[in-house]
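# Reading the structure
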Amino acid sequence: MQFDQKNKFSPSPGPTFHGKWPQGYVEANRRIYDFELVYFAQGVTEVITPEGVFDCRAGSVLIIPPDLVHCSVALSEVERWCIHFDWFSDCRGPRTVSDVFVYTGSEKKFDAGLCAAMPEGITMPLARRGDPALLPLIGSYFAAEKKRANLLIRQGILLQILGVALEGGNGIARSRSMNPLALAAKNKVDEKCRDFSLTVAQIAREMHVSANHLSRLFREQFGCSITQYLIQQRMEIIRGMLYDYTLSIAEIAERCGFSGSNYFCRFFRKQTGISPDACRKRKN
């Protein structure tokens, strides 16, 4: 890949994450302050952006730039390795607000003025099939971080990772365009899912379409119904409340708009297969 030689790269390592998503998981829309390199070690993932959808399979690597609304949909069980970084050690977001990303529905506001600078001559997001050398390098990077190796060692490995990732250019074409109405509906769910009285019909009315039409578009784009996604996001909120041990089950049920704790417990068990109390005990 050709890029402007005026760029004086001095990458600064950021947070890392390694984990799995179950099949069918739909991530909430989010924006990041720095850059995120994602290596997909297993499964099939659609990474959805306003510009298009990237089909990422085992061995794919994706670099997501700052301030880009995006989410991922797991079409099978997915394993991924994520490295946050900036190119010029200039990203003020994590230093100022402590987070590298903000979900659309978060109470926190995203400040685009705190984003890392974009390098010249490199098209983002960058997506390509991974090089076999990439995963061992990523493993070395995670091991160096775990050992709390000094910054120069981590920067050196990060430079190798970025060099391999940039070699060859954009090798993954956008698999399809993104329907803006479906993405807007997802944003509305993310923003308003804390309102437990919200319904799909209300969202459809706000968007001046029928609920059936909106549901069809949503399923075509994200692989699940808008009702299923709304429940998924609400379950994340409920789990967060359950881990706040100052709240009783009855108080959580009331805050979430349920008519009583018995109805809430039946709803929770239907979604998870366990009771709210059992969920709390598992956390411990």
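Details of the structure are given in the entry above.
Just so we're clear, the structure is a prediction, and the values are computed from it rather than from any experiment. (Residues numbered from 1 in each chain as written. Predicted model: local features only at pLDDT ≥ 70, side-chain atom pairs only at ≥ 80, totals over all residues. Heavy atoms only, no water.)

## Things to note about the pattern of salt bridges
Think of it this way: side chains of opposite charge can pair up when their charged atoms draw near. Taken as a whole and judged by the stated rule, the model has 10 salt bridges. Of the charged contacts in the structure, one is a salt bridge between Arg31 and Asp67, with a shortest N-O distance of 2.8 Å. Placement of Arg31 in strand E2 (residues 30-32) and of Asp67 in the loop between strand E6 (60-64) and strand E7 (71-74) is noted, with a sequence separation of 36 residues between them. Judged by relative accessible area, Asp67 falls into the partly exposed class, the value being 34%. A salt bridge links Lys192 to Glu206, with the shortest nitrogen-to-oxygen separation between them at 2.8 Å. Here Lys192 is found in helix H4 (residues 180-192), whereas its partner Glu206 is found in helix H5 (residues 200-206), with 14 residues between them in sequence. The exposure class of Glu206 is partly exposed, given its relative accessible area of 35%. (Salt bridge = Lys/Arg side-chain N within 4 Å of Asp/Glu carboxyl O. Helix = DSSP H or I, 4+ residues; strand = E, 2+ residues; numbered from the N terminus. Buried < 20%, exposed > 50% of the residue type's maximum accessible area, 1.4 Å probe, protein only.)

## Quick look at the sheet that holds strand E10 (residues 126-129)
By way of backbone hydrogen bonds, the strands of a sheet pair with one another, either parallel or antiparallel. The antiparallel open sheet is built from 5 strands, whose spatial order is E1-E8-E3-E6-E10. The open sheet is flanked by strand E1 (12-21) and E10, the only strands paired with a single partner. If you compare each strand with its neighbour and ignore which way they point, the axes differ by 15 degrees on average. Pairing analysis gives 4 bridges linking E6 to E10, with the strands arranged antiparallel. By the bridge assignment for E10, Ser60 is matched with Arg129. Lying on the sheet, helix H2 (residues 134-146) is in contact with E1, strand E3 (35-42), E6 and strand E8 (78-86); it crosses E1 at an angle near 110 degrees. (Pairing = 2+ DSSP bridges. Axes fitted to C-alpha atoms, helices over the stretch in contact; angles between N-to-C directions. Contact = heavy atoms within 4.5 Å.)

## A closer look at the side chain of Arg234
Within the fold, Arg234 resides in helix H7 (residues 226-242). Of the side chains bearing the opposite charge, Asp195 lies closest to the buried Arg234, which forms no salt bridge; the N-O distance is 5.8 Å. Every residue in contact with Arg234, bar those within four places of it in the chain, is listed here: Cys193, Asp195, Phe196, Ser197 and Leu198. (Lys, Arg positive; Asp, Glu negative; His and termini not counted.)

## Looking at the pairing of strand E5 (residues 52-57)
The buried fraction of E5 is high, at 5 of 6 residues. Relative to E5, strand E4 (residues 44-49) runs antiparallel, the two sharing 6 bridges. Each bridged residue has a counterpart across the sheet, and for Val47 the counterpart in E5 is Phe54. Connecting E4 to the antiparallel partner E5 that follows it, the hairpin turn spans 2 residues.

## Digging into the layout of surface pockets
Taken as a whole, the largest pocket spans an internal volume of roughly 380 Å³. Tyr25, Ala28, Tyr103, Gly105, Ser106, Glu107, Asp190, Cys193, Arg194, Gln233, Glu236 and Ile237 together form the lining of the largest pocket. Across the lining of the largest pocket, the residue classes tally to 5 nonpolar, 3 polar and 4 charged. Approximately 320 Å³ is the volume attributed to the second largest pocket. Around the second largest pocket, the lining comprises 20 residues; the ones closest to its centre are Glu27, Arg30, Glu36, Arg80 and Cys82. Sorting the residues of the lining of the second largest pocket by element identifies E1, E3, E6, E8 and strand E9 (101-103) as the ones contributing at least two each. The leading source of residues in the lining of the second largest pocket is E1, at 4 residues. Among the residues forming the lining of the second largest pocket, the class breakdown is 12 nonpolar, 4 polar and 4 charged. (1 Å grid on protein atoms, 1.4 Å probe; cavity = no way out; pocket = protein on both sides within 12 Å on 5 of 7 lines; lining within 4 Å. Points joined across faces, edges and corners; volume = space filled by probe spheres on them. Nonpolar A, V, L, I, M, F, W, Y, C, P; charged D, E, K, R; others polar.)

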